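Residues per chain, in single letters:
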Amino acid sequence: MSLEEAKRCAAYKAVDEYVKDKTVVGVGSGSTVVYAVHRIAERVKSEGLKLVCVPTSFQARQLIIEHGLTLGDLECNPRLDCAIDGADEVDAKMVLIKGGGGCLLQEKIVASCADRLVVIADYTKDSVKLGQQYRKGIPIEVAPMAYVPIKNKVETRFGGTLKLRMAVAKAGPVVTDNGNFILDWSFPDDKEHDWDAVNREIMMLPGVVDTGLFVGMATKAYFGQKDGTVTERSA
């Protein structure tokens, strides 16, 4: 079975179990979420579900529009029944790394407004500890003027290296939907980390907008496997 089929299996099962009639659903970002939106659209058509979908990114917004779903926002829908999103990595304690696609701030805002955050992923995102599978580091969204001081402070305090994420089709750094830069932190993986404490300390640095560490936020994770089955992990 292909990796894409594994993503589809996880997304479909999560949507079937968590998306209910007359609810507000947060729609995350990334390749696995594409399958979730497909499934939501199928169920809206076949079951007549009444849903409002709140996007976490430009990509998510376009998916909602393209599938003819009802587009909402947090101004009109400040509380969501659930949010369905992908992850770059999920550890044994349900700590997530997110933000490989650069949408971490809006993803975290939407997740914080949801009663339940449901993660969908393929088997390559399932780890015992962070850094085991995902090697690109933890994204940190920062105000542009502060990226060098933040880089130096995090490296001094926690070790590892931080690199400014550079754009692919333009000269210069990646600029998020919020006008910020992203530092990717390759953290030391030879020791245990208290990710809640690490996240809180980094968040206190002036100029840090948010991190790609999602600690204590996910309710459940679905991992599509090579054989077509889906394994589940609960918080």
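Residues numbered from 1 in each chain as written. Predicted model: local features only at pLDDT ≥ 70, side-chain atom pairs only at ≥ 80, totals over all residues. Heavy atoms only, no water.

A. Quick peek at unusual backbone geometry. Phi is positive for lysine 22, which is not a glycine, with a value near 60°. Tracing the backbone through its elements, the reader meets lysine 22 in the loop between helix 1 (3-18) and strand 1 (23-27). Located in the positive-phi region is methionine 94, a residue other than glycine, with phi close to 65°. (Helix = DSSP H or I, 4+ residues; strand = E, 2+ residues; numbered from the N terminus.)

B. Structural detail: the sheet that holds strand 11 (residues 213-214). In spatial order, the strands read 4-5-11; together these three strands make up an open sheet with antiparallel pairing. The sheet is open, and its two edges are formed by strand 4 (89-90) and strand 11, each paired on a single side. The pairing of strand 4 with strand 5 (residues 96-97) spans two bridges and is classified as antiparallel. By the bridge assignment, glutamate 89 is partnered in strand 5 with isoleucine 97. (Pairing = 2+ DSSP bridges.)

C. Structural context of the pattern of salt bridges. A full pass over the atoms with the stated rule returns 21 salt bridges. With a shortest N-O distance of 2.9 Å, glutamate 47 and arginine 43 are connected by a salt bridge. Note that glutamate 47 and arginine 43 are positioned in helix 2 (residues 31-47) at a spacing of four residues, about one turn of the helix. By relative accessible area, which is 44% here, glutamate 47 ends up partly exposed. (Salt bridge = Lys/Arg side-chain N within 4 Å of Asp/Glu carboxyl O. Buried < 20%, exposed > 50% of the residue type's maximum accessible area, 1.4 Å probe, protein only.)

D. Molecular detail of the packing of helix 1 against helix 2. Remark: helix 1 packs on helix 2, axes separated minimally by 8 Å, with the N-to-C direction vectors making an angle of 45°. Relative to helix 2, helix 1 is oriented oblique. As for how helix 1 packs across helix 2, the hand of that crossing is right-handed. In this structure, helix 1 uses Glu4, Lys7, Arg8, Ala11, Tyr12, Val15 and Asp16 to contact helix 2, whose residues at the interface are Ser31, Thr32, Tyr35, Ala36, His38, Arg39, Ile40, Glu42 and Arg43. When its residues are assigned to classes, the contact of helix 1 with helix 2 shows six nonpolar, three polar and seven charged. (Axes fitted to C-alpha atoms, helices over the stretch in contact; angles between N-to-C directions. Parallel < 35°, antiparallel > 145°, perpendicular 65-115°, else oblique. Left-handed = near helix turned anticlockwise from the far one by under 90°. Contact = heavy atoms within 4.5 Å. Nonpolar A, V, L, I, M, F, W, Y, C, P; charged D, E, K, R; others polar.)

E. Inspection of the packing of aromatic side chains at higher detail. In total, this model carries six aromatic pairs according to the counting rule given. Between tryptophan 185 and phenylalanine 187 the ring centres are 5.8 Å apart and the planes differ by 65°, which places this aromatic pair in the edge-to-face class. An angle of 80° between the planes, with centres 6.3 Å apart, marks the rings of tryptophan 185 and tryptophan 195 as edge-to-face. Within this pair, whereas tryptophan 185 is found in strand 9 (residues 181-186), its partner tryptophan 195 is found in helix 6 (residues 195-203), the two being separated by 10 residues in sequence. By relative accessible area, tryptophan 185 is classed as buried at 0%. Given the relative accessible area of 8%, tryptophan 195 is considered buried. (Phe/Tyr/Trp six-rings, centres within 6.5 Å; stacked < 30°, edge-to-face > 60°.)

F. Highlighting the sheet that holds strand 2 (residues 51-55). Reading across from one edge, 2-1-3-6-12-13 is the order of the six strands in this open sheet, with mixed pairing throughout. Edge positions in the sheet fall to strand 2 and strand 13 (230-234), since each of these pairs with one other strand and no more. Direction aside, neighbouring strands of the sheet carry axes that sit 20° apart on average. Pairing geometry for strand 3 (residues 82-85) and strand 6 (residues 117-122), over three bridges, is parallel. Pairing of isoleucine 84 across the sheet is with valine 118, part of strand 6. Seen against the sheet, helix 1 touches strand 3, strand 6, strand 12 (218-224) and strand 13 and runs at an angle of roughly 140° to strand 12.

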